[in-house]
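# Examining the three-dimensional arrangement
Letter by letter, the chains look like this.
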Amino acid sequence: MHDIKALRENTDMFIAAWASRGNNSPEAVTEARKNAHRAISVDGELRAAQTAFQTAQSRRNEASKLIGQAKAQKDEARAAELMAEVAELKTTIEAAQEAERARAEELRDLLASLPNLPFDDVPLGADEHGNVEQRRWGAPRDFAFPVKDHADLGEAMTMMDFEAAAKMSGARFVVLKGQLARLERAIGQFMLDVQTQEHGYIEVAPPVLVKPHAMFGTGQLPKFKTDLFFASSFTPSMYNDDGTLDLSRVSDKVVGTLENVVDLSGDEYAITDYIEEDINKTISNVIGALALEGIDDLRYLIPTAEVSLTNLVREAITTEEELPLRLTALTHCFRAEAGSAGRDTRGMIRQHQFQKVEMVSITTPEQSAEEHERMTGCAEAILKKLELPFRTMLLCTGDMGFGARKTYDLEVWLPSQDTYREISSCSNCGDFQARRMDARCRKTGEQGTRFVHTLNGSGLAVGRTLVAVMENYQDENGRIAVPDVLRPYMGGLERIG
């Protein structure tokens, strides 16, 4: 979210920053200029509507007083003239109010759709090829035998079952069993212990279902609604005993809307069904149907605990003496991956459901740059303790996330792919999310407030860490050595498989 006053006063700076996200291509510059000028134009129309409303209201109040004076003087003609003017002013006021509402909504939606401004030290680039390596740690292992990928290793041990998961949940899910399931649990607990006991983060157990405004606050909505899973339910009285929806108990208004996007004639139906072929239409129409019914139980499944943790300071004023506030959580995360069709379809690299340890920091504006470096170091520490080779990349303008001003990605070495793959992303969002959430800070004893800065980072993605451990610690017989730091969490077990 952006400050429209800042946009008016620094228009060229905003245009240049937005254009840099498109590598300053002519198309990107044109689009940035169009968005900036449109926002300024709508803001002008909004302020004009506000002025018209205030002027008409002031005149109506004045005319109302004059009516009383005219009647007191028995000047009925003047009173009638003023009453006619008041009636006209009522129409003018209503029109101005409607114009103000419409322009305010349009401006809010436009500003909410525009990405954050990259910091000056973010390299210019169009995509991942423009990212700049900052450092490397560890050397890839020299295997004396053909390496296997994690899926082959896990299936050979009968501890990783994609087929069973697909039968119950569809593609991009997995069932882990036995020692491999325990290893995943050990990894998550180890990460959480390091971040809380060594790095000073406060452990939080947050909800994984959140309302739309929480998603809006951290920037997932409205732009990334196709990457989200949502859940809601009609009232229990609307269901049959077998759990299917009884259409006779649901209003025609809702049924008519849902029938446009979901086949309701089958034996089974749930509002949480994921319709991949038409997800945009599904989400918008189902939400619309629920809104028509006044049902306020729509929830989104979090794609990352960043959403839950960052929203803890929503609509609140935090004293600056409490900052930086460092929070962490180990949660399940859910992503539709609608924009990654065909990518990483095999294995655990890109799942709809996965676990992740998330780190969030709430800081003053002066603290955020240093905190960003610290947070990145906290994520790197996990990989170092696990002795997994990795590199740290500074993302370029074109590869950086919507809400970030600066991002470091950690990429771990995967032997089966002979390359580095992302395992953590640490971002400084400045006051972008804080503006959307109205999260502020204030020094004790002072009156004024200002927006906090928010940062988030993976510390780390548990599933991808499991993949990296399996592949980097495999032996020629398909067994997996347990890293030293994980053995206390595994009951001293040194090898699985």
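Right, let's walk through the structure included here.

Calculation rules
- Residues numbered from 1 in each chain as written.
- Predicted model: local features only at pLDDT ≥ 70, side-chain atom pairs only at ≥ 80, totals over all residues.
- Heavy atoms only, no water.
- Helix = DSSP H or I, 4+ residues; strand = E, 2+ residues; numbered from the N terminus.
- Buried < 20%, exposed > 50% of the residue type's maximum accessible area, 1.4 Å probe, protein only.
- Pairing = 2+ DSSP bridges.
- Contact = heavy atoms within 4.5 Å.
- Axes fitted to C-alpha atoms, helices over the stretch in contact; angles between N-to-C directions.
- Disulfide = S-S within 2.5 Å.
- Phe/Tyr/Trp six-rings, centres within 6.5 Å; stacked < 30°, edge-to-face > 60°.
- Lys NZ or Arg CZ within 6 Å of the ring centre and 35° of its normal.
- Parallel < 35°, antiparallel > 145°, perpendicular 65-115°, else oblique.
- Left-handed = near helix turned anticlockwise from the far one by under 90°.
- Nonpolar A, V, L, I, M, F, W, Y, C, P; charged D, E, K, R; others polar.

This next bit is on the environment of Glu446. Considering the arrangement of structural elements, one finds Glu446 in the loop between strand E14 (440–442) and strand E15 (450–451). Accessibility expressed as a relative area gives 44% for Glu446, which makes it partly exposed. Linking Glu446 and Thr319, residues 127 residues apart in sequence, is a C-alpha distance of 9.9 Å.

Across the sheet, three strands lie side by side as E8-E14-E15; this open sheet has mixed pairing. Strand pairing shows two members of the sheet lacking a second neighbour, strand E8 (317–319) and E15, which therefore form its edges. The pairing of E14 with E15 spans two bridges and is antiparallel. By the bridge assignment for E15, Arg440 is matched with Phe451.

This paragraph deals with the pairing of strand E16 (residues 453–461). With nine of nine residues buried, E16 is to be regarded as a mostly interior element. By the bridge criterion, seven bridges tie strand E10 (residues 353–363) to E16 in an arrangement that is antiparallel. In the strand pairing of E16, Met359 is matched with Gly457. Of the strand pairs in this sheet, strand E13 (residues 419–428) and E16 are connected by three bridges, and their pairing is antiparallel. Considered in E16, the bridge of Asn428 is made with Leu455.

Turning our attention to the sheet that holds strand E12 (residues 406–414). Taken together, eight strands build an open sheet; the order of strands is E1-E11-E12-E13-E16-E10-E9-E4 and the sheet is mixed. The open sheet terminates on both sides in strands that have one partner only, identified here as strand E1 (132–137) and strand E4 (202–203). One ladder, built from nine bridges, connects E12 with E13; its direction is antiparallel. Bridge pairing in E13 links Thr407 to Ser427. Those strands touched by helix H12 (residues 368–385) are E1, strand E9 (325–334), E10, strand E11 (390–394), E12, E13 and E16, and its axis lies near 5 degrees from that of E16. Sheet strands touched by helix H14 (residues 462–472): E9, E10, E12, E13 and E16. Its angle to E16, the strand with the most contacts, is close to 35 degrees.

So, about the state of the cysteines. On inspection of all chains with the given rule, the structure shows zero disulfides. Looking at Cys378, it has no disulfide partner, and the nearest cysteine sulfur is the one in Cys426, 8.6 Å off. With relative accessibility at 4%, the residue Cys378 sits in the buried group.

So, about the packing of aromatic side chains. Evaluation of the coordinates by the stated rule reveals seven aromatic pairs. A centroid spacing of 5.8 Å and a plane angle of 80 degrees characterise the contact between Phe224 and Phe402, whose relative ring orientation is edge-to-face. Of the two residues, Phe224 is situated in the loop between helix H8 (212–218) and strand E6 (229–231) and Phe402 in the loop between E11 and E12; the sequence distance between them amounts to 178 residues. A residue is classified by how much of its surface remains accessible, and Phe224, at 29% relative accessible area, is partly exposed. Accessibility expressed as a relative area gives 8% for Phe402, which makes it buried. Joined through ring pairs, the aromatic side chains of Phe224, Phe402 and Phe432 make up one cluster. The ring of Phe216 is capped by Arg436, whose NZ or CZ atom sits 4.2 Å from the centre of that ring.

A few words on the packing of helix H2 (residues 11–20) against helix H3 (residues 26–72). Taken N-terminus to C-terminus, the directions of H2 and H3 make an angle of 140 degrees; their axes are 8 Å apart at the nearest point. When the interaxial angle is binned, H2 and H3 end up oblique. Both H2 and H3 take part in a crossing whose hand is right-handed. Contacts from Thr11, Ile15, Trp18 and Ala19 of H2 reach H3 at Ala28, Val29, Ala32, Arg33, Ala36, His37 and Ile40. Residues of the contact of H2 with H3, tallied by class, amount to eight nonpolar, two polar and one charged.

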